[in-house]
Amino acid sequence: LSTKPAHPTPTHQHTMADEDSNYTVEYTDVEEGAEPEVAKWVSRAGVCKITYDSGCTYEGAVNEEKQKHGKGKYSWFVKDDEGELPESASATYDGDYKDGVKAGVGKMVYPNGDVYHGEWAGGAAEGTGCYTYKNGDIYTGTFKGGKKSGEGAYEFKSDLSILKGQWVDGALTTGEWAHKGAGSYTGSFADGKPDGEGSYSFTSGITMKGKMVATSSDPDDEEAPKTTKWVGEPVFAA
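Residues numbered from 1 in each chain as written. Predicted model: local features only at pLDDT ≥ 70, side-chain atom pairs only at ≥ 80, totals over all residues. Heavy atoms only, no water.

1. Description of the packing of aromatic side chains
Point 1. Enumeration according to the criterion identifies 19 aromatic pairs in this entry.
Point 2. Of note, Lys 68 hangs over the ring of Tyr 58, and the distance from its end group to the ring centre comes to 5.7 Å.
Point 3. Here the basic side chain of Lys 102 rests over the ring of Tyr 93, its NZ or CZ set 5.6 Å away from the ring centre. (Phe/Tyr/Trp six-rings, centres within 6.5 Å; stacked < 30°, edge-to-face > 60°. Lys NZ or Arg CZ within 6 Å of the ring centre and 35° of its normal.)

Rendered as structure tokens:
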């Protein structure tokens with residue numbers, strides 16, 4: 001089994017400007033046939049469309065504290081060099097809000113094409129969800145503070161191999177790396193690669209226990225580049 005570099009940990013906080021000082025409000029929860037109420041500020045709780053000077057929009061519920069609260073959709077738009085808005089949003093969040101931040105269940109489509117659909121708390125991915133990368137890789141599991149944390153599985157589209165186990169701060173620490181038709185590694189991980197004690201199981205039924213050992217190209221030089229190699233124990237048939 002070959003090792004791979006760690007896959008970047010997704011950040012679920014959006015960095016684009018979320019609010020503008022100036023905006024217009026159209027309350028859409030009016031009597032049937034009536035024109036929307038238009039205002040320069042959020043004047044009451046209800047359902048409305050807020051259009052910010054940047055071109056970004058929010059369509060959904062607001063509470064008495066003038067905060068997004070309940071179901072809503074926020075769309076980010078980026079003006080071009082001439083100040084014109086594109087026809088489609090560069091990013092969207094469609095889901096639940098609580099006291100002005102993402103909380104509950106929602107779907108975020110990021111500017112780079114990544115998509116997260118799952119639970120949120122305090123504005124970040126928190127709980128169970130699915131993160132689909134633009135390249136087709138998929139992580140399904142739990143999140144904490146916007147990072148993979150707890151039980152989860154990451155599937156690489158390129159070779160259908162799967163990393164599954166316990167994640168901490170976005171990285172797999174213990175678990176299994178299963179390669180389609182080529183066996184698996186079970187043990188500890190660091191930086192997205194097998195590290196420390198573990199075992200390789202092959203399709204032939206052979207299992208090899210051992211550990212990944214770091215070796216230096218120059219033992220007398222502490223700053224010399226280090227490489228890791230697998231040191232296995234005698235094998236036995238499963």
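Additional details are given in the paragraphs that follow.
2. Focus: the pattern of salt bridges
Point 1. Overall, the coordinates contain 4 salt bridges when judged by the stated rule.
Point 2. In this structure, the salt-bridge partner of Arg 44 is Glu 37, at a minimum N-O distance of 3.3 Å.
Point 3. For Glu 37, a relative accessible area of 37% corresponds to the partly exposed category.
Point 4. Here Lys 164 makes a salt bridge to Glu 176, at a shortest N to O gap of 3.7 Å. Pair noted here: Lys 164 is in strand β12 (residues 162-168) and Glu 176 is in strand β13 (residues 171-178), with a separation of 12 residues, a long-range link.
Point 5. The partly exposed category is assigned to Lys 164, whose relative accessible area is 42%.
Point 6. The exposure class assigned to Glu 176 is partly exposed, which follows from its relative accessible area of 22%. (Salt bridge = Lys/Arg side-chain N within 4 Å of Asp/Glu carboxyl O. Buried < 20%, exposed > 50% of the residue type's maximum accessible area, 1.4 Å probe, protein only. Helix = DSSP H or I, 4+ residues; strand = E, 2+ residues; numbered from the N terminus.)

3. Points about a negative patch on the surface
Point 1. On the surface, Asp 218, Asp 220, Asp 221, Glu 222 and Glu 223 cluster together into a negatively charged patch.
Point 2. Take Glu 223: it is sitting in the loop between β16 (206-216) and β17 (226-232).
Point 3. Relative accessible area serves as the criterion here: at 75%, Glu 223 is assigned to the exposed category. (Patch = residues over 30% accessible without salt bridge, like charges linked within 9 Å, V, L, I, M, F, W, Y side chains within 5 Å. Areas by Shrake-Rupley, 256 points an atom, 1.4 Å probe, with all protein chains shown as cover. Lys, Arg positive; Asp, Glu negative; His and termini not counted. Charge placed at Lys NZ, Arg CZ, Asp CG, Glu CD.)

4. Describing the nonpolar core
Point 1. Ranked by size, the top nonpolar core spans 33 residues in total, and within it Ile 50 and Leu 163 carry the most contacts.
Point 2. With sequence-adjacent residues up to four places away left out, Ile 50 is seen in contact with Tyr 23, Thr 24, Val 25, Val 42, Cys 56, Thr 57, Tyr 58 and Val 62. (Core = buried A, V, L, I, M, F, W, Y, C linked by side-chain atoms within 4.5 Å. Contact = heavy atoms within 4.5 Å.)

5. Considerations on unusual backbone geometry
Point 1. Positive phi outside glycine occurs at Lys 66, with the angle close to 65°.
Point 2. Here Lys 66 is to be found in the loop between β4 (57-62) and β5 (68-76).
Point 3. Under the relative-accessibility criterion, Lys 66 is labelled exposed at 51%.
Point 4. Even without being glycine, Asp 99 reaches a positive phi, approximately 50°.

6. Concerning the pairing of β13
Here is the key point about a regular strand: its side chains alternate between the two faces of the sheet.
Point 1. Here β12 pairs with β13 via 7 bridges, running antiparallel. From the neighbouring strand, Trp 167 faces β13, where its bridge partner is Leu 172.
Point 2. Taking the residues between adjacent antiparallel strands as the criterion, β12 and β13 are bridged by 2 residues, where Asp 169 takes a positive phi near 50°.
Point 3. The pairing of β13 with strand β14 (residues 184-190) spans 5 bridges and is classified as antiparallel. By the bridge assignment, Glu 176 is partnered in β14 with Thr 186.
Point 4. What sits between the antiparallel neighbours β13 and β14 is a turn of 5 residues, in which Gly 181 has the positive phi angle 70°. (Pairing = 2+ DSSP bridges.)

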